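Each chain, written out:
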Amino acid sequence: MSLKITEKCINCGACEAECPNKAIYEGSKKWSGKFINKLGIKMDVNCLQEPIKYDYYFIVPEKCTECLGFFDEPQCASVCPVNCCILDEKNLESKEDLLKKKNTLQNIIR
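Residues numbered from 1 in each chain as written. Predicted model: local features only at pLDDT ≥ 70, side-chain atom pairs only at ≥ 80, totals over all residues. Heavy atoms only, no water.

What about the pattern of salt bridges?
Two side chains carrying opposite charge are able to pair once their charged atoms lie near each other. Stated formally: Counted as salt bridges are all cases of a side-chain nitrogen of Lys or Arg within 4 Å of a carboxyl oxygen of Asp or Glu. Labels follow the DSSP assignment, with helices taken as runs of H or I lasting at least four residues and strands as runs of E lasting at least two, numbered in each case from the N terminus. Any residue under 20% of the maximum accessible area for its type is buried, any over 50% is exposed, and the rest in between are partly exposed; the area is computed with a 1.4 Å probe on protein chains only.
Scanning the entire structure with this criterion turns up three salt bridges. With its nearest N and O atoms 3.1 Å apart, the salt bridge here joins E50 to K30. Taken together, the positions of E50 in the loop between β4 (42-49) and β5 (58-59) and K30 in the loop between β2 (24-25) and β3 (31-36) put the pair 20 residues apart, joining distant regions of the chain. Judged by its relative accessible area of 46%, E50 falls in the partly exposed class. Judged by its relative accessible area of 43%, K30 is partly exposed. Among the ionic pairs, E96 bridges to K100, the shortest N-O distance being 3.8 Å. Linking E96 with K100, this pair stays in helix α3 (residues 95-109), spanning four residues, or about one helical turn. On the basis of relative accessibility, which here comes to 54%, the residue E96 falls in the exposed class. Judged by relative accessible area, which is 49%, K100 ranks as partly exposed.

Following this line, the structure appears as structure tokens:
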């Protein structure tokens, strides 16, 4: 499953720079980039997408792999001073699926 940022976020920005998939964005900012949609289709979104959250940082679930294949633990959660980066129960994925997503993201980002 991907992670999410809760409303406890203090907008410090520590998490954004740590994300190896560039899945974290500042609240109210539009986002773009390459990702895998929920149907498993590789997407290259050059046009800006609407923010997922407006008042605090957010994680694009289609780009989040919980840092599997990069680190032993999610980096956003490890640097968050208020522990607001948590598992998103609405986006369940197995470790196998997360690693596949990571490998696919690496291939389309190249």
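On we go from here.
So, the nonpolar core
We apply this condition: In this text, buried Ala, Val, Leu, Ile, Met, Phe, Trp, Tyr and Cys residues form a nonpolar core when linked through side-chain atoms within 4.5 Å. Contacts are assigned to residue pairs with any non-hydrogen atoms lying within 4.5 Å of each other.
Ranked by internal contacts, the top residues of the largest apolar core, which has 15 residues, are I5, C15, I24, I59, C76 and C85. With residues up to four places along the chain from it excluded, the contact list for I59 reads L3, K4, I5, A23, I24, I52, C64 and C76.

Quick look at unusual backbone geometry
In this model, E66 sits at a positive phi of 55°, which is unusual for a non-glycine residue. Along the chain, the position of E66 falls in the loop between β5 and α2 (75-79). At C67, a position not held by glycine, the phi torsion is positive, near 65°. Inspection of the secondary structure assignment puts C67 in the loop between β5 and α2. Judged by relative accessible area, C67 falls into the buried class, the value being 7%.

What about the side chain of K102?
What counts here: His is not counted here, nor are the chain ends, while Lys and Arg score as positive and Asp and Glu score as negative.
Here K102 is to be found in helix α3. Of the side chains bearing the opposite charge, D72 lies closest to the buried K102, which forms no salt bridge; the N-O distance is 12 Å.

As for the state of the cysteines
The cut-off we apply is this: We call a pair of cysteine sulfur atoms a disulfide when they lie within 2.5 Å.
In total, this model carries zero disulfides according to the counting rule given. No disulfide involves C80; its nearest neighbouring cysteine sulfur is the one of C84, lying 3.5 Å away. Judged by its relative accessible area of 12%, C80 is buried.

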